[in-house]
Amino acid sequence: MRASMYGKAFTFMLTFFGYSTLHAMRTSWSYSKKLMQNETGITNEDLGFVDMSFLLCYSLGLAFIGPLGDRFNRRYFLALGYYTCGLAYLVFPTVHHFFGVTNIWVLIIFMSINGLGESVGMPGSMGVLSNWFTGKNKGVVVGTWAGCCNYGNIFGLISSTIISQYMGLKWQYIFFFNGMLTLGIATVIMMFLEEKPKDDFVDIEKLLNDVNKTTINGNDSSAESQQNLLKVNFFTSFKIPRVIPYVISYSCLKASIYGLLFWLPKYVSEKGMSGYSGYIPAMMDCGTFLGGVLVGFLGDRFGKRSLFLSPLMVLSCLMMLIAKFLLSDVPLPYFFIIFFMGLGLGGPYNIIGKEVTNFRDSNFDRPWLSGLPEGQPQGHLDCDSCDRRLRGVIRCSHPANARRDEP
Amino acid sequence: MLAEMSHEWIFAIFSVYTFVAAVALTPLTVKDFKEYIQTLKQTAPEEPAVNIP
């Protein structure tokens, strides 16, 4: 029996909008920087520390908190993370609004907690999606779902623009809106998200049949391959072809994308185009999204996806140099330049991300391999849960492992 | 350090990052390009043999 279409659609939408609110928080934060500076006198250096502490905690959370999603119910795991980051996001604007507090340490501490809370979003959502979507369509679903990052970024920028420019409210209200939205999503997740389809028992039955077959045949190939998986560790994984260039490239790409995500609205404001500080950065996400689609299409057309990676990144590089050296404070050219900048970054970013997924499907130790480029042990994130259960059952049934798996 | 720099320079900094990313993947791009050209040559229709009476 298959999971119902309604259940699948609901889960997809809930995780999609859940994760997009996290991205909306990030872009609304970067949008608010300049407004906050004008009112509180926070310096650029302070904002740099806030960003650094946020990203540091976020990456540490991905590495150490993300894998915990495998051990707990993902509904509560996700809800707890979303509640944490929503509440942490609300602290600074609240204490500033009601008590006039502008202590930068309050911002640093609670944005760090926000980073830790946000780190459960991707692992938890991917885990839930993996339970609901299996088979051939899984790649398409996850690929479509990835658009929530761009959607969230654009939503954050546009909503911030509406709140600050059209409604004339202070920067605190941008925080209030996004923080409350996250808390609302967390509540819906807590109440309605199903970690896996209720009719999942069919899979378990199939798994047990598979286990019986392997035991009867005496050919415990899965256990053997499990042993092989363990042979690759952090250091030896660098010897595998393509890992080093992908690690370097993905790190640099991610630095560029996140750097622009966090600083572009402020840059646009400081260039004297405050009225466009929401719209121009939104073009970056439009370009990133379309870049991913374009490279996917061209890759299928030519059968070689790496063919377009370097040229597109060079294109993006040129756009950045044009923005630096040729553009003045006229808004219109920025729309096109930033769009092509996103196009050049987004395509390679998505394709390398896809390659990271391929690493997960390889015969190597998945957490290390995928964790190297992604900066997070994604092998824990969206490993097919059936696969993991199968391996767990096999390990338990194997005499050599029985003692190790006893509680 | 970046925060203390003038905002004018963020594009220059990120262009360096992006350039490094491009350079790191250039060997793979070149390899794919060569393979693609090779495939094109292999799939190109061979010239029909000329029958000499």
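Everything below is about the structure shown above.
Just so we're clear, the structure is a prediction, and the values are computed from it rather than from any experiment.

Peer 1: Quick rundown of the overall build of chain B? Include the residues and the values.
Peer 2: Secondary structure assignment for chain B yields one helix and zero strands. Residues counted as buried form 28% of the 53 residues belonging to chain B. With the model as given, the accessible surface of chain B reaches about 4,000 Å², and the carbon-plus-sulfur share is 66%.

Peer 1: Please provide a residue-by-residue account of the pattern of salt bridges, values included.
Peer 2: Residues and elements named next belong to chain A. Per the stated rule, a full pass over the model turns up six salt bridges over all chains. Notably, a salt bridge pairs Glu-118 with Arg-26, separated by 2.7 Å at the nearest N-O pair. Of the two residues, Glu-118 sits in helix 4 (residues 104-118) while Arg-26 sits in helix 1 (residues 5-40), which places them 92 residues apart along the sequence. The buried category is assigned to Glu-118, whose relative accessible area is 1%. Using a relative accessible area of 2% as the deciding quantity, one classes Arg-26 as buried. Ionic pairing is found between Lys-266 and Glu-270, a salt bridge with its closest N-O pair at 2.4 Å. Taken as a pair, Lys-266 and Glu-270 lie in helix 11 (residues 243-270) at a separation of four residues, close to a single helical turn. You can call Glu-270 partly exposed: its relative accessible area is 24%. Residues participating in the shared-partner salt-bridge network are Lys-34, Lys-266 and Glu-270.

Peer 1: Describe the environment of Leu-193 of chain A, and please don't skip the residues or the numbers.
Peer 2: Residue and element names in this part refer to chain A. Along the chain, Leu-193 falls in the loop between helix 8 (171-192) and helix 9 (201-217). On the basis of relative accessible area, Leu-193 is assigned to the buried category, the value being 1%. Distance in space between the C-alpha atoms of Leu-193 and Phe-72 is 14 Å, their sequence separation being 121 residues. Residues contacting Leu-193, with those up to four places away along its chain left out, are Thr-11, Leu-14, Thr-15, Arg-75, Leu-78, Val-128 and Val-188.

Peer 1: Could you give an account of the interface of chain B and chain A, naming the residues involved and the relevant values?
Peer 2: Counting from both sides, the interface comprises 25 residues of chain B and, opposite them, 39 residues of chain A. Across the interface of chain B and chain A, roughly 2,900 Å² is buried in total on both sides, 75% from carbon and sulfur atoms. Across the contact surface, chain B and chain A share zero salt bridges. Seen at the junction of chain B and chain A, the total is six residue pairs in polar contact (both at pLDDT 80 or more). Residues of the side of chain B that touches chain A, tallied by class, amount to 16 nonpolar, five polar and four charged.

Peer 1: How would you sum up the environment of Met-319 of chain A? Please name residues and give values.
Peer 2: Residues and elements named next belong to chain A. Here Met-319 is to be found in helix 13 (residues 309-325). For Met-319, a relative accessible area of 12% corresponds to the buried category. A C-alpha to C-alpha distance of 43 Å links Met-319 and Glu-195, two positions 124 residues apart in sequence. Setting aside anything within four residues of it in sequence, one finds Met-319 in contact with Ile-337, Phe-340 and Met-341.

Peer 1: Help me get a handle on the packing of helix 7 (residues 147-166) of chain A against helix 12 (residues 279-302) of chain A, residues and values and all.
Peer 2: All names here are of chain A. At a minimum axis distance of 9 Å, the contact between helix 7 and helix 12 shows a crossing angle of 165°. On the basis of the axis angle, helix 7 is roughly antiparallel to helix 12. Handedness of the helix 7/helix 12 crossing: left-handed. Facing helix 7, whose interface residues are Gly-147, Asn-150, Asn-153, Ile-154, Leu-157, Ile-158, Thr-161 and Tyr-166, helix 12 presents Tyr-279, Pro-281, Ala-282, Asp-285, Cys-286, Thr-288 and Phe-289. Classifying every residue of the contact of helix 7 with helix 12 by side-chain character gives nine nonpolar, five polar and one charged.

Peer 1: Go over the nonpolar core, please, and point to the residues and values.
Peer 2: Counting residues in hydrophobic clusters, the biggest one holds 84 residues, and the most contacted among them are Tyr-19, Trp-29, Leu-107, Trp-145, Leu-260 and Met-341 of chain A together with Phe-11 of chain B. Contacts of Leu-107 of chain A, omitting those with residues within four sequence positions, involve Trp-29, Met-36, Ile-42, Val-50 and Phe-92 of chain A.

Rules used in this analysis
- Position labels on residues start from 1 in each chain and follow its written sequence.
- Working convention: letters from A go to chains and numbers from 1 go to ligands, in the order in which they are written.
- Where totals are concerned, whole chains, interfaces and linings use all residues; where local detail is concerned, this predicted model gives features only for residues with pLDDT of at least 70, and gives and counts side-chain atom pairs only at 80 or more.
- With hydrogens and water set aside, each side-chain value is computed from the structure's full complement of heavy atoms.
- Secondary structure is summarised from DSSP: a helix means a run of H or I of at least four residues, a strand means a run of E of at least two, and numbering begins at the N terminus for each.
- A 1.4 Å probe rolled over the protein chains alone gives each residue an accessible area, and that area as a share of the maximum for its type sets the label: buried under 20%, exposed over 50%, partly exposed in between.
- Residue exposure ignores everything except the shown protein chains as possible cover, and the areas themselves are Shrake-Rupley values with a 1.4 Å probe.
- When a carboxyl oxygen of Asp or Glu lies within 4 Å of a side-chain nitrogen of Lys or Arg, that pair is called a salt bridge.
- Residue contacts are counted whenever heavy atoms from the two residues lie within 4.5 Å of one another.
- Take the accessible area each of two parts loses on contact, using a 1.4 Å probe, and add the two losses: that sum is the buried area.
- Contacts described as polar in this section are N or O atom pairs within 3.5 Å, which, within protein, must combine one atom able to donate a hydrogen with one able to accept it, while residues neighboring in sequence count only if both atoms come from side chains.
- We call Asp, Glu, Lys and Arg charged. Ala, Val, Leu, Ile, Met, Phe, Trp, Tyr, Cys and Pro are nonpolar, and the rest, Gly among them, are polar.
- A fitted line through C-alpha atoms represents every axis, and for helices the fit uses only the stretch in contact; the resulting angles, taken between N-to-C directions, go from 0 to 180 degrees.
- Angular relationships are summarised with four words: roughly parallel below 35 degrees, roughly antiparallel beyond 145, roughly perpendicular across 65 to 115, and oblique for the angles in between.
- Note on convention: near helix rotated counterclockwise from far helix by under a right angle means a left-handed crossing. Clockwise means right-handed.
- Only buried residues count toward a nonpolar core. Its members are Ala, Val, Leu, Ile, Met, Phe, Trp, Tyr and Cys residues joined through side-chain atoms within 4.5 Å.

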